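Reading the structure
Here's the letter readout for the chains.
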Amino acid sequence: MPDFRYLIVGGGMTADAAVQGIRERDPSGTIGLVSAERHPPYNRPPLSKGLWKGDPVDGIWRPAAPASAELFLERRIVAVDPHGKHATDDRGARYGFDRLLLATGGTPRRLPLQSDQVIYFRTYDDYRRLRAIAEQPVRFAVIGGGFIGSEIAAALRLAGRDVVMVVPEQGLGARVFPADLSAFLVDYYREKGVEMHVGEGMAGLEPRGSTVVVKTTTGGEIPVEIAVAGLGIVPDTDLAEQAGLRIDNGVLVDDHLRTSAPDIYAAGDVANFHSPALGGRLRVEHEDNANTMGRAAGRAMAGADDPYRHLPFFYSDLFDLGYEAVGELDPRLETVADWKVPFREGVVYYLKDGRVRGALLWNTWGQVDAARALIAEPGPFTPAMLRGRLPA
Ligand SMILES: Cc1cc2nc3c(=O)[nH]c(=O)nc-3n(C[C@H](O)[C@H](O)[C@H](O)COP(=O)(O)OP(=O)(O)OC[C@H]3O[C@@H](n4cnc5c(N)ncnc54)[C@H](O)[C@@H]3O)c2cc1C
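Rules of the game
- Residues numbered from 1 in each chain as written.
- Predicted model: local features only at pLDDT ≥ 70, side-chain atom pairs only at ≥ 80, totals over all residues.
- Heavy atoms only, no water.
- Helix = DSSP H or I, 4+ residues; strand = E, 2+ residues; numbered from the N terminus.
- Buried < 20%, exposed > 50% of the residue type's maximum accessible area, 1.4 Å probe, protein only.
- Contact = heavy atoms within 4.5 Å.
- Near = heavy atom within 4 Å.
- Areas by Shrake-Rupley, 256 points an atom, 1.4 Å probe, with all protein chains shown as cover.
- Nonpolar A, V, L, I, M, F, W, Y, C, P; charged D, E, K, R; others polar.
- Core = buried A, V, L, I, M, F, W, Y, C linked by side-chain atoms within 4.5 Å.

Below, the discussion takes up the environment of Val 80. Tracing the backbone shows Val 80 in strand β4 (residues 77-81). For Val 80, a relative accessible area of 4% gives the class buried. Separated by 286 residues in sequence, Val 80 and Gly 366 place their C-alpha atoms 43 Å apart. Residue contacts for Val 80: discarding those within four places in its chain leaves His 86, Ala 87, Phe 97, Leu 100, Leu 239, Gln 242, Ala 243 and Ile 264.

Here it is as structure tokens:
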């Protein structure tokens, strides 16, 4: 059984950032990294953005894990013994550890049809498969109007393909953006040539010859060659459950990213942490959180004593629109829009009881730290006080 000072389960961005964090504090402690994927860690955001615009694939690979950890790829850890301090993979191999990190991330939600004509989009292999199919004159349906659905639909259009979006809400990004912005995006996607079906959920999928028919909740039938599912992810907590750790919408961690078991840590998409800035628990599925929390977990495992207080930001690109955002973006909150150019450039503030909970920086750059500072202010703020506060 190989024994490691640090064992990391998962081969994503969080895992790689953790290796970096460990090395900042401990130059020589042994690190093992076990990943279910066949590739070493890489950045996921380019898979739905930059790579479709010509960025080189070479740019996605991350350096820390290959340089400092022993990698065990295409192996899934199926059991962790917190008392015996070892983990077992799906081939029966055991790995001893002093400190363990769960960086297992999440798995795409599945559609109710097992078929080669349905694609889930999470990994580099998913990208390669979709990209190869998109070389052909194939018609795609993208199911779901959240982050991944919106980005994939744009990517496929950039590749010149016919794309239909099936979105149960009335607009794109409707769980994040105010209703008017979300509705604007529907028109914007139409202008870009995407066939939009909004307010129409997917009721079923039926293979029919070489096509798959998307049946919608309003009785529509949309035949396409390939359906891409963008239904969000489910945090991968099976292992944590098996190990008897506390779970509530992810693996619960304290402010040093420790789980309920001694010497076992969790970070990234799978971890549920307390945010002092927002005064509540969060589980965040974004890059900045994966990088910052992964690194902090690595440092904590190697003895650092700094609490994790970071309020992560996130970002996305939708054709030639782009944004960064911080805090709680819930359109059910009061929103104050400060547009320089309506729906093209400006800031949307999200407020609760006069206090800023979140900020959407729409084609507005370099304001993330200022937005964090605003969220930390007690307020109360009126709409007039917010105009021009984070200049576009
Ligand atoms: C296509 C795409 C585009 C994105 N774009 C953006 C963006 O523009 N902006 C943004 O902020 N965020 C973006 N994100 C989100 C961001 O990439 C994620 O938040 C981040 O990758 C999460 O990293 P993670 O390591 O915590 O989890 P994951 O990336 O899910 O990695 C988990 C890893 O653990 C492995 N694993 C799971 N269980 C086991 C096990 N039992 N044994 C061994 N290995 C296991 C998995 O195979 C995987 O390698 C995007 C995500 C995707 C998929």
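Let us look at helix α3 (residues 124-134). Residues of α3 that are buried: Tyr 124, Tyr 127, Leu 130, Ile 133 and Ala 134. Close packing links the buried residues of α3 with β8 (118-120), β9 (139-143), α4 (147-158) and β15 (226-229).

Near the ligand, the surroundings consist of 35 residues, among which Thr 14, Glu 37, Arg 44, Lys 49 and Asp 269 are the closest. Relative to its unbound accessible area of 1000 Å², the ligand is 95% covered by the protein chains. Only α1 (13-25), α4, α7 (287-301) and β21 (313-318) provide two or more residues apiece to the shell around the ligand. For the shell around the ligand, a count of residues per class yields 13 nonpolar, 11 polar and 11 charged.

Moving on: the nonpolar core. Counting residues in hydrophobic clusters, the biggest one holds 49 residues, and the most contacted among them are Leu 156, Tyr 189 and Leu 360. Residue contributions to this core peak at six residues, all from helix α5 (residues 179-191). Core analysis: the next-biggest nonpolar cluster, separate from the first, contains 47 residues, Tyr 6, Ala 65, Phe 72 and Ala 103 among them.

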